[in-house]
Amino acid sequence: MKLAIIRIASGSLRTHPSRAGSALSGLSRRCLVAGPTNNGQPVGVRPLSASSGSGTNPRLTANFEKEAVKEDESEYDSYVSDVVQSAKEEMVSLQRRNPTIQPLLAILQAGDNDGILEINRKMARKIGINVTQICLAKDCSEDEIVDELLKLNDDPKVHGIYLHLHPASLTSRVLNVLKTEKDIEGITDLNVGQLVRGDLSKGFVPPVASAVLYLLQQHDGLLEGKTVLLFGGERLLQVSLQCLIERSGMIAVKSHWNAKNLQEQVMQADAVVLLDGENVYIPSSWVRPGAAFICCEPLLETDKTTIGLDSKSGLEYLTAAYRTWNVARSCSRWLEEREYRPWNLRSLKLQPLNPVPSDLEISRAQTPKPVDQLAEEIGLLPEELEAYGRSKAKVQLSLLDRLHSQPNGKYVLVAGITPTPLGEGKSTVTIGLVQALSAHLKLNSFACLRQPSQGPTFGVKGGAAGGGYAQVIPMEEFNLHLTGDIHAITAANNLVAAAIDARMLHEATQSDKALYNRLVPSVNGVRKFSPIQISRLKRLGISKTDPSSLTPQEINAFVRLDLDPSKITWHRVVDTNDRFLRRITIGQASTEKGQIRETGFDIAVASEIMAILALADSLVDMKNRLGRMVVGTSHSGQPVTAEDLGVSGALAVLMKDAIKPTLMQTLEGSPVFVHAGPFANIAHGNSSVLADKLALKLVGQDGFVVTEAGFGADIGMEKFFNIKCRASGLRPNAVVLVATVRALKMHGGGPNNLSMVADGCHSNLRKQIQIAHMFGVPVVVAVNVFKTDTQAEIDLVCQIAKECGASDAVLCNHWAQGGRGCLELAQAVKEAASKPSNFKFLYNTEMPIMDKIRTIAQKVYGADDLELSPEAKNKIDYYNQQGYSSLPICMAKTHLSLSHMPDRKGAPTGFVLPIRDVRASIGAGFIYPLVGTMSTMPGLPTRPCFYDVDLDPVTEEITGLF
């Protein structure tokens, strides 16, 4: 069988060494292929006459018969068709998995020669692959090549990169930059190593090597034991081809033109492959009958008497076919990588000490896994991770698109009974439970926690990373700054505040014309509205886009927000407990021209922007919510939004990184998302919707996501169900209700009596279990054990909890033992979550605002009725007029009692709940009534936590955090 066609040549065809402009192995080559020999004379190969040689540098000469050409052409087309058909089948499989996918080959070359582009484009059209060409200058530098390569590496639409460059340009730096998964030429070290090792499932075979092997197979289907002699060539092509030949059962022999036994080697070979264009001379008598003869040349030159290889023949098209097939394979692997990956989580071992050291000592004694390793273990792709140091990273929201078809795991909420001022350990239970599920039961599990505010960290409560042997690590990084989300919220919130006061100043001191000229200036002789200004015009009912076409009345409506200073609801924020900022006066400098007004500061986590961060389900959703935020009311009674101020786009820019959850880990190496941190008494008190959604996809259908709601079940859990679950569309499978003996004694009325524990159980614990059952979710009670608890007390709590309707009640010793101390809880949660959930909301959002508030007050808190102040009634009427009546309710109430009275413990009844004011967070999407006296800015105690916090200036170690 003849292996390929070669155009008719009336003279001689000369080969020359590689020179500038030629490419590395796998790049464009023309190949001379001669079929089996006939009567000792190789077809297309004859010895040169004496006159055609020159001393020691004779040249290989080929002469071809005209009558063989057409037969050879059709034969070569047949070879290409075979490869094209295989590539098409790969494309069919791709399209079946993802009909919108379109593989793309990028050719990066020096110079603007389109020859190689046309060959590859023709093959790509046959298969259904797109091709793009990037032409650099012929004398391009290494930096220019690297810059383009980095762009192609990061472009998700590019699935294969072909470096059509001079070998000298393919430096180690260039090859190291090229992404292995896009190296469809098989030239990176990793791809070559995989080929040598025999692992073809991940790497790529150089297309030229594939083409040569294919021709050898077509020449003689029985390859076992045949000898192939390889001459010359770059080492990369030589190594690749040798591996392929030997893996096919043949014997590869490498030689060079100066070998002493060259004649013997040629005569013993079943096939001869010339890998470069060295000047050679092989007498026909050396080539055994039936042997194949293949010549791959980097470049061919012709003279007036020579017709060289047609670009439509040789190995160029066969190589291009294999190249495009590699692109299809690369795209297929790209899709496979984006499918759900089973976890391969490596747990960190704990060696608990007794007595239990401080939280900081425990955290510092454990070395966390590098965050990129953790990410790989749980199925995240490298491009989905943005590292912030060694131990934490932001996770891209694109993960939701990649795993959109992946079923969610089980969704578990950790809530608690009404707590003492120091809390009852919901965070430690959340972490201990996840450690038990993942490190001990080997179930994919994720914890989703709120980011702690600096206020409590340096105030009374301390940090929120958990405690003992159930912590998020490193706890210093968790409690201090993290990835800067709260700082971003502070900056965004205060930008709105600055915009409000600046706008009121300018409106008070300028005419309509002056305002209009400054708001819509002429830049380089062109005057136009910005996109956000066009949006405002549309809201005003003005459809014009030419600034010169507005009437005086339209200009007045456009430039005047006319904010009423007494009805501005927006406060500045700072993430510190500072009681003296609760009420301040601003605008007292002479430059503010008498624009004095009273305002105040809230703690940063009380900002509506924090609530938006926690409830948004995408960047688009967050941007829209930011624009809808109402900052105050005009003199005419109309709400004024952040979009009216023109600041919503800037807010989205400030928040674009904060919307990504932060990945950390527990002491036992279980994954944790830390994201958002709204307080539960003055906001909705839950971590972000996005963190939960990402985690539910990552754990898989049989995994668990455990998230925590702030304060008691009457506060955080109620808002989790009625607000967060409405926003997310997610439905919980089980609730873990955390109780402590010390808190139950407090609710029972005394410290050291079993009957007091029982009273606390029958009052507060029973009520909180009932609240969970109102939503149709099974409850497991977790008794968070302290060293002062007796076994009798623990047994009594578990017994009564079951009597009150809990699916199970178990003790938890995670603080002292880590995940192992939470195994019983993990088993109970696994069983409870496997049962059908009959989740339902407490109220219909279409109910009147007053009825929704009353429903919560009576069914959740146990109140007899409501008492609304005149201001609260007026606000409800106003919200009804503005169309906000269908928003859910977020009660702002003390967390220390089911009632509005902090000193009323247990389960109070017979009280009337006072509503002193009703406010609205339109961007976040809820109405929040203020119950009694609620402060949105905490104060520092006599002895704050910061007295114990210090830094060793030599080691930079932090002390005193807890």
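Residues numbered from 1 in each chain as written. Predicted model: local features only at pLDDT ≥ 70, side-chain atom pairs only at ≥ 80, totals over all residues. Heavy atoms only, no water.

**Things to note about the overall build of the protein chain**
Okay, so step 1: Each helix and strand counted, the protein chain has 32 helices and 36 strands in total.
Okay, so step 2: For the protein chain, the residues scored as buried account for 57% of the 962 residues in total.
Okay, so step 3: Contacts spanning at least 24 positions in sequence make up 75% of the contacts within the protein chain whose residues lie at least 6 apart.
Okay, so step 4: With an accessible surface of roughly 39,100 Å², the protein chain has 51% of that area assigned to carbon and sulfur atoms. (Helix = DSSP H or I, 4+ residues; strand = E, 2+ residues; numbered from the N terminus. Buried < 20%, exposed > 50% of the residue type's maximum accessible area, 1.4 Å probe, protein only. Contact = heavy atoms within 4.5 Å. Areas by Shrake-Rupley, 256 points an atom, 1.4 Å probe, with all protein chains shown as cover.)

**As for the sheet that holds strand 33 (residues 912–921)**
Okay, so step 1: In space, the three strands of this open sheet follow the order 32-33-34, with mixed pairing throughout. Of all strands in the sheet, those bounded by a partner on one side alone are strand 32 (865–868) and strand 34 (926–931). Across the sheet, the mean angle from the axis of one strand to that of its neighbour is 50°, orientation sign disregarded.
Okay, so step 2: Here four bridges tie strand 32 to strand 33, and the two strands are oriented parallel to one another. Within the sheet, the bridge partner assigned to Leu866 lies in strand 33 and is Leu913.
Okay, so step 3: The sheet contacts of helix 32 (residues 870–882) involve strand 32, strand 33 and strand 34, and relative to strand 33 the element is tilted by about 40°. (Pairing = 2+ DSSP bridges. Axes fitted to C-alpha atoms, helices over the stretch in contact; angles between N-to-C directions.)

**Regarding the sheet that holds strand 4 (residues 130–136)**
Okay, so step 1: Spatial ordering of the open sheet is given by 4-3-5, a layout of three strands whose pairing is parallel. Looking at which strands have only one partner, the edges of the open sheet turn out to be strand 4 and strand 5 (160–164). Ignoring strand direction, the axes of neighbouring strands in this sheet form an average angle of 20°.
Okay, so step 2: Pairing analysis gives seven bridges linking strand 3 (residues 104–110) to strand 4, with the strands arranged parallel. Its bridge partner being in strand 4, Leu104 is matched across the sheet by Asn130.
Okay, so step 3: Sheet contacts for helix 3 (residues 142–154): strand 3, strand 4 and strand 5; angle to strand 4, the most-contacted strand, approximately 160°.

**What to know about the packing of helix 27 (residues 754–774) against helix 28 (residues 791–803)**
Okay, so step 1: Between helix 27 and helix 28, the shortest axis-to-axis distance is 10 Å and the interhelical angle comes to 35°. Two packed elements cross with a definite hand, and for helix 27 against helix 28 that hand is right-handed. Side by side, helix 27 and helix 28 meet where Leu754, Val757, Ala758, Cys761, His762, Leu765 and Ile769 of the first sit next to Ala792, Glu793, Leu796, Val797, Ile800 and Ala801 of the second.
Okay, so step 2: Across the contact of helix 27 with helix 28, the residue classes tally to eleven nonpolar, one polar and one charged. (Left-handed = near helix turned anticlockwise from the far one by under 90°. Nonpolar A, V, L, I, M, F, W, Y, C, P; charged D, E, K, R; others polar.)

**Brief notes about the confidence of the model for the protein chain**
Okay, so step 1: Across the protein chain, the average pLDDT comes to 87, with 89% of residues at 70 or higher.
Okay, so step 2: Predicted confidence is poor over residues 1–73, with pLDDT under 50, and the contacts of this stretch with residues over four places away or in other chains come to 208 contacts.
Okay, so step 3: In the predicted structure, residues 298–313 sits below a pLDDT of 50 and forms 39 contacts with residues beyond four places in sequence or in another chain. (pLDDT = per-residue confidence, 0-100.)

**As for the pairing of strand 31 (residues 808–812)**
Okay, so step 1: Pairing geometry for strand 30 (residues 779–784) and strand 31, over five bridges, is parallel. What sits directly across from Asn784, in strand 31, is Cys812.
Okay, so step 2: Note that the unit made of strand 30, helix 28 and strand 31 has a crossover that is right-handed. (Right-handed = clockwise from strand over helix to strand, strands pointing away.)

**Notes on the nonpolar core**
Soluble globular proteins tend to bury their nonpolar side chains together.
Okay, so step 1: Ranked by size, the top nonpolar core spans 148 residues in total, and within it Leu663, Leu765 and Val781 carry the most contacts.
Okay, so step 2: Core analysis: the second largest hydrophobic core is formed by 81 residues, Leu136, Val146, Phe204 and Val205 among them. (Core = buried A, V, L, I, M, F, W, Y, C linked by side-chain atoms within 4.5 Å.)

**Structural notes on the pattern of salt bridges**
Okay, so step 1: The final tally for this structure, using the stated rule, is 41 salt bridges.
Okay, so step 2: A salt bridge links Lys875 to Glu871; its shortest N-O distance comes to 4.0 Å. Of this pair, Lys875 and Glu871 both sit in helix 32, four residues apart, which is roughly one turn of the helix.
Okay, so step 3: Lys875 sits in the partly exposed class, given a relative accessible area of 21%.
Okay, so step 4: With its nearest N and O atoms 3.1 Å apart, the salt bridge here joins Arg943 to Asp948.
Okay, so step 5: We classify Asp948 as partly exposed; its relative accessible area is 39%.
Okay, so step 6: One connected set of salt bridges, linked through shared partners, spans Glu386, Lys656, Asp657 and Lys660. (Salt bridge = Lys/Arg side-chain N within 4 Å of Asp/Glu carboxyl O.)

**Quick word on the environment of Asp714**
Okay, so step 1: With respect to the secondary-structure elements, Asp714 resides in helix 25 (residues 713–728).
Okay, so step 2: Taking relative accessible area as the criterion, Asp714 reaches 0% and is therefore assigned buried.
Okay, so step 3: Separated by 185 residues in sequence, Asp714 and Ser899 place their C-alpha atoms 9.8 Å apart.
Okay, so step 4: In contact with Asp714, not counting residues within four places along its chain, are Thr418, Gln768, Ile771, Val860, Tyr861, Lys893, Ser897 and Leu898.
Okay, so step 5: In terms of polar contacts, Asp714 uses its side chain to reach the side chain of Gln768, at 3.2 Å. (Polar contact = N/O pair within 3.5 Å; in protein donor to acceptor, adjacent residues only side chain to side chain.)

**A closer look at helix 19 (residues 552–559)**
An α-helical segment advances 3.6 residues per turn. Residues three or four places apart therefore align on the same side.
Okay, so step 1: The set of residues buried in helix 19 consists of Glu554, Ile555, Phe558 and Val559. Here the buried residues of helix 19 occupy an arc of 120° about the axis, which is enough to place them on one side. Among the exposed residues of helix 19, those pointing more than 90 degrees away from its buried face are Pro552 and Gln553.
Okay, so step 2: Packed against the buried residues of helix 19 are helix 16 (485–509), helix 17 (512–519) and helix 18 (531–539). (Arc of directions from axis to C-beta.)

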